[in-house]
Amino acid sequence: QVQLVESGGGLVQAGGSLRLSCAASGRSFSSYAMAWFRQAPGKEREFVAAITRSGGNTYYADSVKGRFTISRDNAKNTVYLQMNSLKPEDTAVYYCAATTRMGTMPVYYDYWGQGTQVTVSS
């Protein structure tokens, strides 16, 4: 079992930045690949970014590539999402997720946080 708690969301103007954190507790954090997803009102949950167990490889949705950076600190059991040049269309609830596999579909992920709201005003 892994428990995930996100933090760092909030209200920001377009062009601004936020850094989300996801703290994990429970079984060995470094055993899991981690990802961020987001869900806007009336839309399906969508993949944002993922990172492998060691942090050696990262993957991004085209919509955030070049603006967002995923990273992890296995010593602190934490994964981060640095979001720069935010746009109103980035507004959503952001979730972190953990998997023993890897992929961009929510179905691959076994554990989820409760989500943190990010709102970008124009």
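Before reading further, recall that the structure is shown in the block above.
These numbers were taken from a predicted model, which means no experiment stands behind them.

(A) Up close: the sheet that holds strand 3 (residues 18-26). Here we have 4 strands laid out as an open sheet, ordered 1-3-8-7, and antiparallel in their pairing. On the outer flanks of this sheet lie strand 1 (2-7) and strand 7 (68-73), each paired with one strand and no other. Direction aside, neighbouring strands of the sheet carry axes that sit 15° apart on average. In the sheet, strand 3 pairs with strand 8 (residues 78-83) via 6 bridges, with the strands oriented antiparallel. Among the inter-strand pairings, leucine 20 is bridged to a residue of strand 8, identified as leucine 81.

(B) Representation of the nonpolar core within the structure. Among the nonpolar cores identified, the biggest contains 36 residues, and Met34, Trp36, Leu81, Met83 and Tyr94 are the most heavily contacted of them. For this core, the secondary-structure elements that each account for two or more residues are strand 1, strand 3, strand 4 (33-39), strand 5 (46-51), strand 7, strand 8, strand 9 (92-99) and strand 11 (116-121). If we ignore the near neighbours within four places in the chain, the residues touching methionine 83 are Gly16, Ser17, Leu18, Leu20, Arg67, Phe68, Tyr94 and Val118.

What counts, and at which threshold
- Residues numbered from 1 in each chain as written.
- Predicted model: local features only at pLDDT ≥ 70, side-chain atom pairs only at ≥ 80, totals over all residues.
- Heavy atoms only, no water.
- Pairing = 2+ DSSP bridges.
- Helix = DSSP H or I, 4+ residues; strand = E, 2+ residues; numbered from the N terminus.
- Axes fitted to C-alpha atoms, helices over the stretch in contact; angles between N-to-C directions.
- Core = buried A, V, L, I, M, F, W, Y, C linked by side-chain atoms within 4.5 Å.
- Buried < 20%, exposed > 50% of the residue type's maximum accessible area, 1.4 Å probe, protein only.
- Contact = heavy atoms within 4.5 Å.

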